[in-house]
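Descriptive structure summary
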2 protein chains.
Amino acid sequence: MHNRPSIKDIARRADVAPSTVSRALAGSTRVSAATRQRIEAIAAEMDYTPSAAARSLVTGASKTLGILVPGLSDPYIAAVMEGIEASSAAAGYQHVIASTGGDPEREIRAVRMLAGYNPDGLIILSSRAGKAYLNILPTLNMPVAFVNSAQIGDSVLSIATDNEHGGWLATRHLLELGHKRIAYLGGPSRGRSQQARAAGYRRALHEAGIPFDPALLLAGDGSIDAGQAALRHILSLPEDVRPTAVFCYNDLCALGLLAHARKHGLPVPESLSVIGFDDIPIAAISAPPLTTIEQRTTELGQLAVDSIFAALRQEPVADIRLRGELIVRASTCTLSET
Amino acid sequence: MHNRPSIKDIARRADVAPSTVSRALAGSTRVSAATRQRIEAIAAEMDYTPSAAARSLVTGASKTLGILVPGLSDPYIAAVMEGIEASSAAAGYQHVIASTGGDPEREIRAVRMLAGYNPDGLIILSSRAGKAYLNILPTLNMPVAFVNSAQIGDSVLSIATDNEHGGWLATRHLLELGHKRIAYLGGPSRGRSQQARAAGYRRALHEAGIPFDPALLLAGDGSIDAGQAALRHILSLPEDVRPTAVFCYNDLCALGLLAHARKHGLPVPESLSVIGFDDIPIAAISAPPLTTIEQRTTELGQLAVDSIFAALRQEPVADIRLRGELIVRASTCTLSET
DNA sequence: TCTTTGCGTGCAAACGTTTGCACACCTCGC
DNA sequence: GCGAGGTGTGCAAACGTTTGCACGCAAAGA
């Protein structure tokens, strides 16, 4: 009594062959209306749920997407996940999720595990493993979409924010406000997005004819703590070399920086303009509200799913690069010449 | 060439029976060292990954946990997930996650889908479906842990924050600061946690001999927007009935309230004390830093997994109720008698 | 009335594993 | 020299589905 009913149990009760039950439940492949109804009734009564394992074994497909994330607690990741959910729920897809903690080694191990579930496709967020994929990717034999990840090769789906453009946009905004000493608080050093944002920062500087100063490059990891540490560092600098504005890798560390500035009485934006990246929900309600570069995160997730589906239908799919806009709030202002 | 290698492919290459390959790879059940090494080498070379589907079909177990969440974007959910990840990664478990959007109907449908993957256990977060489970739960035949959910029945694992106690703690803190008119900004109305926090609020009031005033009960849904709306409502009240403190269902709406208060020039905590619930990371760095009731979220996730594992080992498991502590920051202060 | 068509159904194979059982061989003790 | 015990391997069944093929039967065409 305690094992889940199988198609055979239904067949026995309905006095038909298992295959007939399968067909009846699968839709209309030539089963008489009478038997179909009888079978459906029995199935409902026993509340039968098909075994995904058995089904995927024979069909090869699984109505499942494998998702690889560095972790679930980052609001940016959460937003992408939301998009993935939204796009795939309609198609009745489930998700097998593996968390890597940002460790490249765990990451490729996790990919193999996920492959074991033979999902119909794989979505990989913020991969740091890079070329380590080259070996396993071809053996996977399913569409793989990389979201905001290092470039692996040409044959791979890539959905990414145009981070270079975003970095450029942020920096140019600060430049237009008259700032000359603009710091960049970086993110996880190996990340592709971090490098792209930094590149945009340097390009904007270059275009404005301002020499790049390595001393204004602050190391971080995109966490709240990193923002706080960065502000501490900035405060330790003598006034004449202290940056008047800082472009932060993401909103989270920008928020940390903001909080610490408030705590130490450094007025933002009057004494220090701060701009973030991502536009996470709380960015709109921080004190002061954070100027930031919008990242169309949910869209990122949706597009990743759509690309997978398109690839599954054998349609040609192109890489996607999304540009977010500058959202001016109150954490940046013109440089006050004193 | 493009299909994943199976155990048979290895068997062919190694010139042994599939069963021998299985045994060799599974550990040491009587296979000679020589063949084992040969098989392992071949398996590694073909980079073989076992089919989780096939394995789970025959063994019945799947090294998989089904997880049901209302959505991934809520930082509180994210924190619980983090705990789940942490506790189960070591055991090599993967997660199949379904998102319900808080819709009870979708919730029970999702449970059936999850059951189709026959996971070894099910963890259900913040369920709103309540008694709808009574029918399907017995048919599941696997341990099910409810985290912060409505009480279903006795035979079910329940891991929950002591929300009543938390609500009481929060309200008492405000009372001790001298507040008399304390509002409660509620969460999703059907939620168990919302009801418990409200109950704690009323108990504290009752103990302090302050009559409960329904007008001070504000409807909300735990979102940032709800917090903003609540503040708007408070401002619309005439001074003499306006609450001097508000206990918010969660940090998110408390933060929304805070932001709106700042915007409208209502000083917090001087004119309005605000206390939240959850202690999400940004609560520590808001302006002002938010006084809140800690919720041991990660622990919640870990304990859910541990309970599932214990149940799987046939060990007796008891319900767990976790008490979070009051964390006093700067959004609450004594009532200034003017 | 006899073939043709087509509809409803059943049989059996297949998917990739695990595992109980049996078998062959080898070693050891008598 | 013969049986007992142990070790390494293979066979085949089973898990719960789907699906190609074939079969029986009724309706329709000749």
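In this convention, every chain numbers its residues from 1, walking through the sequence in written order. By the order in which they are written, chains take letters starting at A while ligands take numbers starting at 1. Owing to the predicted nature of the model, reporting of local features is limited to residues with pLDDT of at least 70; listing and counting of side-chain atom pairs is limited to 80 or more, with chain, interface and lining totals taken over all residues.

1. Considering the relation of the copies chain B and chain A
The copies were overlaid by least squares, fitting only the C-alpha atoms of residues that reach a pLDDT of 70 or more in each copy. Expressed as a screw operation, the relation of chain B to chain A combines 0.0 Å of axial shift with a rotation of 180 degrees, fitting to an RMSD of 0.1 Å. The superposition operator between the copies reduces to a two-fold rotation axis. Both copies share a contact surface, since 100% of the interface residues of chain B are interface residues in chain A too. Two residues form a contact once the distance between their C-beta atoms, set from the backbone, is within 7 Å.

2. What to know about the sheet that holds strand β8 (residues 245–248) of chain B
All names here are of chain B. Reading across from one edge, β7-β6-β8-β9-β10-β12 is the order of the six strands in this open sheet, with mixed pairing throughout. Unpaired on one side and paired on the other, β7 (217–218) and β12 (326–327) mark the two borders of the sheet. Note on pairing: two strands pair once DSSP finds at least 2 bridges between them. The secondary structure listing takes helices from DSSP runs of H or I that are at least 4 residues long and strands from runs of E that are at least 2 residues long, numbered from the N terminus. Taken together, the four bridges between strand β6 (residues 182–185) and β8 define a ladder with parallel strand orientation. Across the sheet, Ala 183 pairs through a bridge with Val 246, a residue of β8. Structural elements are reduced to axes, namely lines fitted to C-alpha atoms, with helices fitted over the stretch in contact, and the angle between N-to-C directions of any two is expressed from 0 to 180 degrees. Docked against the sheet, helix α8 (residues 163–176) engages β6, β8, β9 (273–278), β10 (291–294) and β12, running at close to 160 degrees with respect to β9. The strands that helix α11 (residues 251–263) touches are β6, β8, β9 and β10; relative to β9, the one it contacts most, it runs at about 155 degrees.

3. Quick look at the protein's contact with DNA strand C
Residues are classed as near a molecule or strand if the C-beta position derived from their backbone is within 6 Å of it. Around DNA strand C sit 26 residues, and of these A:Ser19, B:Ile7, B:Ser19, B:Ser22 and B:Ala54 come closest. Taken together, the residues that form the surface near DNA strand C break down as twelve nonpolar, ten polar and four charged. Asp, Glu, Lys and Arg are counted as charged, while Ala, Val, Leu, Ile, Met, Phe, Trp, Tyr, Cys and Pro are counted as nonpolar; the rest, among them Gly, fall into the polar class.

4. Notes on the interface of chain B and chain A
Taken together, the contacts link 46 residues of chain B with 46 residues of chain A. Residue assignment for the side of chain B that touches chain A shows that the elements contributing at least two residues are α4 (52–59), α5 (75–89), β2 (94–99), α6 (104–116), α7 (133–140) and α11 of chain B. Among the residues forming the side of chain B that touches chain A, the class breakdown is 25 nonpolar, 15 polar and six charged. Alignment of strand β2 (residues 94–99) of chain A against β2(B), held across three bridges, turns out to be antiparallel. Opposite A:Ile97, over in β2(B), you have B:His95 as the bridge partner.

5. Section: the domain arrangement of chain A
Residues and elements named next belong to chain A. What marks off one domain from the next here is an automatic or database domain assignment. With domains assigned, chain A is organised as domain 1 (7–50), domain 2 (63–162 + 297–322) and domain 3 (163–296). The partner domain 3 presents 14 residues to the 16 residues of domain 2 that form the contact. For the side of domain 2 that touches domain 3, the elements supplying multiple residues, two or more each, are α5 (75–89) and α12 (297–312). Class assignment of the residues belonging to the side of domain 2 that touches domain 3 gives a composition of five nonpolar, eight polar and three charged.

6. Details of the packing of helix α1 (residues 7–14) of chain A against helix α3 (residues 33–45) of chain A
For any two helices packed against each other, the geometry is given by the interaxial angle and the distance between the axes. All names here are of chain A. The contact between α1 and α3 brings their axes to 10 Å, and the two run at 125 degrees. By the angle class used here, α1 and α3 are oblique. Crossing hand, α1 versus α3: right-handed. Facing Ile 10, Arg 13 and Ala 14 of α1, the residues of α3 in contact are Arg 38, Ile 39, Ile 42 and Ala 43. Of the residues that constitute the contact of α1 with α3, the class distribution is five nonpolar, no polar and two charged. The cut-offs work like this: below 35 degrees is roughly parallel, past 145 is roughly antiparallel, 65 to 115 is roughly perpendicular, and the gaps in between are oblique. Two helices crossing with the near one rotated counterclockwise from the far one by less than a right angle form a left-handed crossing, whereas a clockwise rotation gives a right-handed crossing.

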